[in-house]
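Letter by letter, the chains look like this.
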Amino acid sequence: MSSTDKVFAGSIPKLYDEYLVPMIFSVYAEDIARRVAARSPSTLLEIAAGTGAVTRAVAAALPRGVRYVATDLNEPMLAVAAQRQAGDDRITWRQADGMALPFGDAEFDLVCCQFGAMFFPDRVKAYGEVKRVLKSNGTFVFNVWDRIEDNEVTHEATIALGKMFPDDPPRFMVRTPHGYHDKAVIKADLERAGFRDIAIETRSEISRAPSADYVATALCQGTPLRSEIEARDASKLQAATDFVAEALRASHGNGACDGKIQAIVIEARR
């Protein structure tokens, strides 16, 4: 993992929330919320909450009286989430490293995480922390992106950037968001951390965006892919965005730019 892969700062959090959340994250947030609500937790921890897509969906699905702690490593992302969910006194916002959770043993009925496990440098250690803070028989619900070839517009954008920067193609999307999808590896990591009753399923959806320009802006400017582009030539961020948009228009047309997305959803019991 590159040192910039976990950096969500500057204008990235706002663009991430405005563009990426409705395009690819909301549909999976609703899925996580249904799974969480089915467990009826009274104490809930979310790690890698980002700008709060899951937090908002879960909060809408749970009753009053729930204790909900939402955390993220990146304070700028969490600030956007807290602003979006201001006034919900069930939720406590806290900056926290998923590999060193600042909570006592057996504090929570359930821990959830949306598209965060791929960013943990030591996943077994992070899963061990989740297990530690879960109560006996508590549940860990999380998801990760499947391989990039099963996520259409992201794959197309990555191919386009490879053509623009042939000597040093940006590989953030392949390396990190879509770099942890082997179900056998995920199951083995969870088992090494002490989890049992592990259920893993593949879930396909459709990403929806009004235009190719929207998708290109989301991916090139609303993720750490931006840092990779700027590291190659800081003056070419908009040119790279436009290049990706043109490639997407070539395959999707001038109107809406929809495409298959695919994730892996995991539920594991302590």
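Residues numbered from 1 in each chain as written. Predicted model: local features only at pLDDT ≥ 70, side-chain atom pairs only at ≥ 80, totals over all residues. Heavy atoms only, no water.

Caption draft 1: Quick peek at the packing of aromatic side chains. Scanning the entire structure with this criterion turns up 13 aromatic pairs. With a centroid separation of 4.4 Å and 20° between ring planes, the pair formed by F140 and F142 is classed as stacked. Residue classification places F140 among the buried positions, given a relative accessible area of 1%. On the accessibility criterion, F142 (0% relative accessible area) is buried. For the ring pair F140 and F195, a centre distance of 5.8 Å and an interplane angle of 35° mean the geometry is tilted. Of the two residues, F140 is situated in strand β5 (residues 134-145) and F195 in the loop between α7 (183-192) and β6 (196-207); the sequence distance between them amounts to 55 residues. In this pair, the class of F140 matches that of F195, namely buried. The structure contains a cluster of three or more aromatic residues connected by ring pairs, namely Y16, F25, Y28, F115 and W145. The side chain of R123 reaches across the aromatic face of Y180, ending 3.9 Å from its centre. (Phe/Tyr/Trp six-rings, centres within 6.5 Å; stacked < 30°, edge-to-face > 60°. Buried < 20%, exposed > 50% of the residue type's maximum accessible area, 1.4 Å probe, protein only. Helix = DSSP H or I, 4+ residues; strand = E, 2+ residues; numbered from the N terminus. Lys NZ or Arg CZ within 6 Å of the ring centre and 35° of its normal.)

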